[in-house]
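# An overview of the molecular structure
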Amino acid sequence: MKKLSNMSDGLVGSQILELAEQIKQKIREGEKIYNLTIGDFDPSIFPIPQELREEIAQAYINQETNYPASNGIPELREAVSAFIKRKGGLDYHANDILVSSGARPLIFAAYLTLIDQGEKVLFPVPSWNNNFYSHIAGADTILIETSPADNFMPTAAQIAPYIEETTLIALCSPLNPTGTVFTRTQLEEICDLIIAENQRRGENQKPVYLLFDQIYWNLVYKDAQHFDPVSLRPEIRPYTILIDGLSKAFAATGLRLGWAYGPADIIHKMKLLLAHVGAWASKPVQSGTSNYLKNNEVVDDFLKDIKEKLVKRLDMFYEGFQQLKEKGYPVDAITPQAALYLTVKLDLSEYTSPNGEVLDTGKKVYQYLLDSSGVALVPFYAFGLEESSVWHRLSVGTAELSQGEDIFNRLEIALSKLKKKS
Ligand SMILES: Cc1ncc(COP(=O)(O)O)c(C=O)c1O
């Protein structure tokens, strides 16, 4: 007999966390593993800002331990408002900002606030977790498969055929898993499509909404530039929710602090929903962060420093894969633009492993590399692409520069054992 709801019956966990279990088991058994799968930081390499740590500790000492306001303490919302204005030119009043325990509850709340069962959510693949939130909301999905030629971003031309049937478009830039960003033109064209569609729908029809996750926007490197929809096209503001937070740019994934900004009426409903869940961020973290964010110079120094550390690692891995490619191995990497991710191509479908297995799926490639070299990457099927996808995500948040040599030696040995399929 069926005992659970249809929603929970069909609910599955993250494939990345599944891979992590197997990796942890190997580590427990004493194997040397370079786990480059997790979108997280090793705090011994990437600590949170010292001043932030001190401010949070002080807030505990000051006994800021009762319930925070359900939309976030006003001081933090004001500090976030000033921070996004200063760094991104975005004008959101403290009342248009909602604080929660990380970005995830805010995405969850946006889905449930904007979507009715059976309505359609459109999102690109590869992308992160939209499939799960769509499932929870009971939404139908429209997947747009993207290509490296477009920086793995969907184009307006790809979206246009579906725009009339779509209720929510979920975009992310910089993108997890690829570490790439929208160009100005790409994003402008999508904004124009949404604006035109909402003009067509008029006042009496539900608009198409845009959920724009920009949690990595302060981690953009070199010539790459971050664009957000509201700055490019202010007319899109009434339909747009932006997702953001402390987790990535401040290496603070475990502090659990995120913020969203958007139209006050939508933000208000998201607040009501999350208040019932109780997904508030802890008050000392909110209070400490509000004090920390006001120190512009300290904040900017930290961001400069973390970007330098990340980009050095991304460059190191990018170069390593280019060298393997030059040696004739069937690998490649996409020039990193942002976040902590490198997109790696491992096109081994024409090869067999020493025990005769054809490496024609992401899972098989992952398993072969893990077993034979101890290096673990995430195949893109975990982000919605088909099993045969040749793309993988490499995260540098736990990598030391000094490990590069050993990692590439191990990879080369593993690749050199492959045989071309006859
Ligand atoms: C694109 C994107 N949005 C949101 C999140 C979640 O952030 P948080 O840890 O603050 O819930 C992640 C985490 O990996 C992410 O990659």
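Rules behind the numbers
- Residues numbered from 1 in each chain as written.
- Predicted model: local features only at pLDDT ≥ 70, side-chain atom pairs only at ≥ 80, totals over all residues.
- Heavy atoms only, no water.
- Near = heavy atom within 4 Å.
- Polar contact = N/O pair within 3.5 Å; in protein donor to acceptor, adjacent residues only side chain to side chain.
- Areas by Shrake-Rupley, 256 points an atom, 1.4 Å probe, with all protein chains shown as cover.
- Domains from an automatic or database assignment.
- Contact = heavy atoms within 4.5 Å.
- Buried area = accessible area lost by both parts, 1.4 Å probe.
- Salt bridge = Lys/Arg side-chain N within 4 Å of Asp/Glu carboxyl O.
- Helix = DSSP H or I, 4+ residues; strand = E, 2+ residues; numbered from the N terminus.
- Nonpolar A, V, L, I, M, F, W, Y, C, P; charged D, E, K, R; others polar.
- Buried < 20%, exposed > 50% of the residue type's maximum accessible area, 1.4 Å probe, protein only.
- Pairing = 2+ DSSP bridges.
- Axes fitted to C-alpha atoms, helices over the stretch in contact; angles between N-to-C directions.

A few words on the site of the ligand. Within the structure, the ligand sits among Gly102, Ala103, Arg104, Trp128, Cys172, Asn176, Asp213, Ile215, Tyr216, Ser247, Lys248 and Arg256. Measuring from an oxygen atom of the ligand, one finds a backbone N or O atom of Ala103 at 2.8 Å. In this structure, an oxygen atom belonging to the ligand sits 2.9 Å away from a side-chain N or O atom of Arg104. Considering the ligand on its own, with 400 Å² of exposed area, one finds that the protein chains cover 97% of that surface.

Once that is clear, we can look at the domain arrangement of the protein chain. As assigned here, the protein chain comprises domain 1 (6-31 + 301-420) and domain 2 (50-295). Each side of the interface is counted separately: domain 1 has 31 residues, and domain 2 has 33 residues. Of the roughly 2,700 Å² buried at the junction of domain 1 and domain 2 (both faces included), carbon and sulfur atoms supply 66%. Here Asp315 ties to Lys222 by a salt bridge, and the two come within 2.8 Å at their closest N and O atoms. Elements represented by at least two residues in the side of domain 1 that touches domain 2 include exactly α1 (6-9), α12 (296-326), β10 (341-346) and β14 (391-395). Top contributing element to the side of domain 1 that touches domain 2 by residue count: α12, with eight residues. Tallied by class, the residues present in the side of domain 1 that touches domain 2 amount to 19 nonpolar, eight polar and four charged.

Before going further, it helps to examine the environment of Asp116. Tracing the backbone shows Asp116 in the loop between α5 (103-114) and β3 (120-125). When the C-alpha positions of Asp116 and Glu297 are compared, they lie 44 Å apart, and in sequence the two are 181 residues distant. Contacts of Asp116, omitting those with residues within four sequence positions, involve Ala137 and Lys206.

For the rest of this paragraph, the subject is the pattern of salt bridges. Summed over the entire model, instances satisfying the criterion amount to 22 salt bridges. Notably, a salt bridge pairs Arg201 with Glu197, separated by 2.6 Å at the nearest N-O pair. With Arg201 and Glu197 both in helix α8 (residues 184-201), this residue pair falls four residues apart, about one helical turn. Assigned by exposure class, Arg201 and Glu197 land together as buried. Among the charged side chains, a salt-bridge network with shared partners connects Glu164, Glu197, Arg200 and Arg201.

With respect to topology, four strands assemble into an open sheet ordered β9-β10-β14-β13, the strand pairing being antiparallel. A strand with exactly one partner marks an edge of an open sheet, and here the two such strands are β9 (331-333) and β13 (378-379). Of the pairings in the sheet, the one linking β9 to β10 comprises three bridges and is antiparallel in character. By the bridge assignment for β10, Val331 is matched with Leu346. Sheet strands in contact with α12 are β9, β10 and β14, and its direction is about 150° off that of β9.

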